[in-house]
Amino acid sequence: MADSPTLSVTLLGAGQEVGRSCCVLQYRGKTIVCDTGVHPAYSGMASLPFVDELDWSTVDAILITHFHLDHAAALTYIMEKTNFRDGKGKVYMTHPTKAVHKFMMQDFVRTSSSSSDALFTPLEMNMSMSSIIPVSAHQLITPCPGVSFIPYHAGHVLGACMFLIDIAGLKILYTGDYSREEDRHLVKAEVPPVRPDVLIVESTYGVQSLEGRDEKELRFTNLVHSIIRRGGHVLLPTFALGRAQELLLILDEYWKKHPDLHNVPIYYASNLARKCMAVYQTYIHTMNSNIRSRFAKRDNPFVFKHISNLPQPRGWERKIADGPPCVVLASPGFLQTGPSRELLELWAPDSRNGLIITGYSIEGTLARDIMTEPDEIIGLKGNTIPRKISVDYLSFSAHVDYSQNSEFIELVKAQHVVLVHGEQTAMGRLKAAMTAKFKDRDEDVKIHTPRNLETLELSFRGERVAKAIGTLANKAPQENDIISGLLVSKDYSYTLLDPRDLKDFAGLSTCTVTQRQKIVLGVGWDLVRWHLEGMYGSIEEGLDKDGVKVIRVMGAVDVKHTAEHELTLEWDSTASNDMIADSVLALITGIDKSPASVKLTSQQHSHTHHPHSDHHEGDQSITRIQRIAWFLDAHFGDVELHMPEIGDEQDQEQGDKSEPALIVRMDDSGEADAHINLVTLVVSCPSDTMRKRVEAVLDMAITTVSSLAGSFATGVSMAPEDADPKQEKSTSPDHTDTKTVEDTMTTGEADIAS
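Predicted model, so just to flag it, every value in this text is computed and none were measured. (Residues numbered from 1 in each chain as written. Predicted model: local features only at pLDDT ≥ 70, side-chain atom pairs only at ≥ 80, totals over all residues. Heavy atoms only, no water.)

(A) Seen up close, the overall build of the protein. Along the protein, the regular secondary structure elements total 23 helices and 36 strands. In the protein, of all internal contacts separated by at least 6 residues, the share reaching a separation of at least 24 is 68%. Only carbon and sulfur atoms are counted for the fraction: they give 50% of the accessible area of the protein, which is about 36,900 Å². (Helix = DSSP H or I, 4+ residues; strand = E, 2+ residues; numbered from the N terminus. Contact = heavy atoms within 4.5 Å. Areas by Shrake-Rupley, 256 points an atom, 1.4 Å probe, with all protein chains shown as cover.)

Okay, structure coming up:
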């Protein structure tokens, strides 16, 4: 079975931009939303995705890939401030993501509650948290009929996952943010074992390639050490969770190897990071083998020996700035507000100090702007501050670069690739590079870069598979076998089974609907029989259990003479039987108006001279052969009937020529004659072209001379149960409703050969 439905992909955020990721998937009446983030460069309502463009009550599931604000911070607003609760939608994220998300949202509410731009209250945040369903990696989840998904490890941050979504058989892989490089504590992103139809993938770095981890870590530690040697302070603006833990592991190990640095403190200025450190220690089993093996040796890598959380009493920033050299990891990473911004404003005028940007910076943030090394920066109070602090950029961002992203796209082998989470220029370059690569390989892969609110519609022609179960599965079908049964559809999966198995496998039962139609007619029974025989060919005639005269038409419809001038049509209702009954009814109701009826009943005489009067079975076979011969004669001009005599030893020695045959004469020499075996209906001729021509005409002849009854058989014979099995023409009543046209059609060849 083929189908051509359409998948709609609409980005409410992260379309040709980085931030407020929100992707809406709609297919076969199902709606799935992947990620619900805010834009870090904006605040309040302006930071939200375009939530007004979707009826959230129709959403079946919201899937959150990881806890970063640009992927998850709008979730509470959507759950509590839209009509999401009016529907039956559910929210899913992994266990570590939910644990960290709680702390992230508490901090988000705290920092925004003092302003007029607060999106929701602490109470609303707690209410939304209680409705989130945590899941594990590789767990198959079915949020509603026809929809399922499996989370796979995505690297990036603790608990991050990509979702392989199955909607009515269509497979979509949504990566979110992912990393294909194993770092000090996280596994790298997995390639799902199933090939998806659509890949929705981040394009953060476009075609940019990043340096290797070892070189990057060496350059980072050397840079930190050089700033310390010149008596400066090192500011590392990072988000409280994610890359911060990776940097802490690197610094703690470097300090351990350099005793001369033991008197230089390393601080992380984040109460949020301190709270979440317990989460990292809890979910060590989800990290890579290096962390798990250290933990198994009772060496917890997240119990740092040279790093401490920085208490933040009033005026702590000034005390740090006036103190000896140190290293401070402070949030947020974009330097918009908070401890990292306050420390930057204090340290910026001193050239001994150093600022190291360690992650991707979104356009419109101070972290992006300061990388151009301006002479001045604008403080939070609007004052101008001279910038003499050194600025360096080292990307520890856990996003894929071009080489990793292109390799992943090639490994996944999706028919359609949708690029998201990237700025317009970077995304366009990645599309051009990947398009050229696939073109060189002559691979038909479509790459799309939709903008926000631009609906991308993708059509698929997928084959739907029906599984045979129960009795039908007892015997393996052979090639060209026709399998008939009931097709049961449930949750977009299809099952083929025998009607007798319906109750066992589907909890349903079958019944037969018998239809009856009474007709008042002012003609005789013989005339009705004559018309039925003339239309349908052979008919069966007999008596029912009450002794009423019955004519069975095509083994499906009984015409009963229930009273004088009254007929009753009776049949078991199926698609084919209903059509036959309609034609019988139309024929009978037109008998009294038929010119043939008037001619036949104008005087008493026998009907035996009519072509469709009663014949013996042998006579019928002879008549059919004659009609075929006439048909061939009309096309070829000279047709002879060869009937070997019984006991003719010469004919028996000739094999096939010992059987009845029609000989089509092509010329006087007889060299191009075509022989048609009347038993097997096989045409033999020295000329292949002439043989094909005769076969085509023979097929037309068989179709033309066969009656309706000879071409179509259904229902039950009127023969008694103890009759000769050879007289049975149809199947048992139990199978009537499940027969298909392919099962019930018999060809004229079989009719003639009999």
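(B) Quick peek at the packing of helix α3 (residues 95–112) against helix α4 (residues 122–129). At a minimum axis distance of 10 Å, the contact between α3 and α4 shows a crossing angle of 170 degrees. Taken together, the axis directions place α3 and α4 in an arrangement best described as roughly antiparallel. Within the contact between the two elements, α3 uses Lys98, His101, Lys102, Met105, Gln106 and Val109 and α4 uses Pro122, Met125 and Met129. (Axes fitted to C-alpha atoms, helices over the stretch in contact; angles between N-to-C directions. Parallel < 35°, antiparallel > 145°, perpendicular 65-115°, else oblique.)

(C) A look at the pattern of salt bridges. What the rule picks out here adds up to 30 salt bridges. A salt bridge links Arg352 to Asp350; the nearest nitrogen and oxygen atoms lie 3.0 Å apart. Of the residues examined, Arg352 reaches a relative accessible area of 42% and is grouped as partly exposed. Arg665 is the salt-bridge partner of Asp673, the closest N and O atoms lying 2.4 Å from each other. With relative accessibility at 4%, the residue Asp673 sits in the buried group. In the salt-bridge network here, residues are joined through shared partners; they are Arg184, Arg213, Glu217, Glu253 and Lys257. (Salt bridge = Lys/Arg side-chain N within 4 Å of Asp/Glu carboxyl O. Buried < 20%, exposed > 50% of the residue type's maximum accessible area, 1.4 Å probe, protein only.)

(D) Broad picture of the side chain of Arg180. In this fold, Arg180 is placed in the loop between β11 (170–174) and β12 (198–202). Sequence-distant contacts of Arg180, defined by excluding residues within four places in its chain, comprise Lys188, Ala189, Glu190, Val191, Val400, Gln404, Phe408 and Leu411.

(E) The environment of Val697, seen in detail. Among the structural elements, Val697 can be located in helix α20 (residues 688–705). Residues Val697 and Ile628 lie 69 residues apart in sequence; the distance between their C-alpha atoms is 9.8 Å. The contacts of Val697, once residues within four sequence positions are left out, are Phe631, Leu632, His635 and Phe636.

(F) Main features of the packing of helix α15 (residues 525–536) against helix α16 (residues 575–589). Where α15 meets α16, the axes come as close as 10 Å, and the angle between the chain directions of the two elements is 130 degrees. Taken together, the axes of α15 and α16 lie oblique to each other. In the packing of α15 onto α16, the handedness of the crossing is right-handed. On α16, the residues that touch His531, Leu532, Met535 and Tyr536 of α15 are Ile580, Ser583, Val584, Leu587 and Ile588. (Left-handed = near helix turned anticlockwise from the far one by under 90°.)

(G) Local environment of unusual backbone geometry. Look at the link from Ser331 to Pro332: it is a cis peptide, with omega at 0 degrees. The topology assignment puts Pro332 in the loop between β16 (327–330) and α10 (338–347). Positive phi is not limited to glycine here, since Asp442 has a value of about 55 degrees. Turning to its location among the elements, Asp442 is positioned in the loop between α13 (424–440) and β22 (446–448). By relative accessible area, Asp442 is classed as exposed at 72%. One non-glycine residue, His565, lies in positive phi territory at about 60 degrees. The topology assignment puts His565 in the loop between β31 (557–563) and β32 (566–572).

(H) Molecular detail of the sheet that holds β12. Strand order in the open sheet formed by seven strands is β8-β9-β10-β11-β12-β21-β22, and the pairing between neighbours is mixed. Where the open sheet ends on each side, the last strands, each with one partner, are β8 (141–144) and β22. With strand direction ignored, the average angle separating the axes of adjacent strands in the sheet is 20 degrees. Judged from the seven bridges that link them, strand β9 (residues 147–153) and strand β10 (residues 161–167) form a sheet pairing that is antiparallel. (Pairing = 2+ DSSP bridges.)

(I) Representation of α10 within the structure. Burial analysis of α10 places seven of its 10 residues in the buried class, which makes it a mostly covered element. If you check which residues of α10 are buried, you get Pro339, Ser340, Arg341, Leu343, Leu344, Glu345 and Trp347.

(J) Local environment of the packing of aromatic side chains. Under the defined criterion, the tally for this structure stands at six aromatic pairs. Within the aromatic cluster, the residues linked to one another by ring pairs are Tyr92, Phe149 and Phe163. Over the aromatic face of Phe396 sits the side chain of Lys216, whose NZ or CZ is 5.4 Å from the ring centroid. (Phe/Tyr/Trp six-rings, centres within 6.5 Å; stacked < 30°, edge-to-face > 60°. Lys NZ or Arg CZ within 6 Å of the ring centre and 35° of its normal.)

(K) How the structure looks around the pairing of strand β14 (residues 266–269). Residues of β14 alternate between two faces, with Ile266 and Tyr268 on one and Tyr267 and Ala269 on the opposite face, all of them buried. Bridge count for β14 against strand β15 (residues 307–309) is three bridges, and the pairing is parallel. Pairing of Tyr268 across the sheet is with Asn309, part of β15.

(L) Expanded view of the sheet that holds β31. The five strands are arranged β28-β32-β31-β30-β29 in an open sheet whose pairing can be described as antiparallel. This sheet does not close on itself; its edge strands, each paired only once, are β28 (514–520) and β29 (540–543). Pairs of neighbouring strands in the sheet enclose a mean axial angle of 25 degrees, with direction left out of account. Relative to β32, β28 runs antiparallel, the two being bridged by seven bridges. By the bridge assignment for β32, Val520 is matched with Glu566. Of the strands in this sheet, β29, β30 (549–553), β31 and β32 touch α15, which is tilted by about 15 degrees from β30. Contacts from α16 reach β28, β30, β31 and β32 within the one sheet, and its direction differs from that of β32 by about 170 degrees.

(M) Structural view of α20. The end-to-end C-alpha separation of α20 is 26 Å, in line with the 26 Å expected for 18 residues at 1.5 Å each. Buried residues of α20: Met690, Val694, Val697, Leu698, Ala701, Ile702 and Val705, and no others. Each buried residue of α20 lies within a common arc of 145 degrees when the element is viewed along its axis, so the set occupies one face. Exposed residues pointing more than 90 degrees away from the buried face of α20 are listed as Thr689 and Thr703. (Expected span 1.5 Å × (residues − 1). Arc of directions from axis to C-beta.)

(N) Focus on the state of the cysteines. Applying the stated criterion across every chain, the model contains zero disulfides. Cys34 provides the cysteine sulfur closest to Cys23, a residue in no disulfide bond, and the two sulfurs are 5.5 Å apart. Take Cys23: its relative accessible area is 1%, and that puts it in the buried class. Free cysteine Cys161: the closest other cysteine sulfur is in Cys34, separated by 9.8 Å. (Disulfide = S-S within 2.5 Å.)

(O) Expanded view of the confidence of the model for the protein. Considering every residue of the protein, the mean pLDDT works out to 83; 86% of them sit at 70 or more. Mean pLDDT across the elements of the protein ranges from a minimum in helix α22 (residues 741–744), with 32, to a maximum in strand β5 (residues 61–63), with 98. Long-range and interchain partners of residues 605–618, a stretch whose pLDDT sits below 50, account for 15 contacts in this model, where long-range means more than four residues apart. Confidence over residues 721–754 falls short of pLDDT 50; this stretch has 50 contacts with residues more than four positions distant or in other chains. (pLDDT = per-residue confidence, 0-100.)

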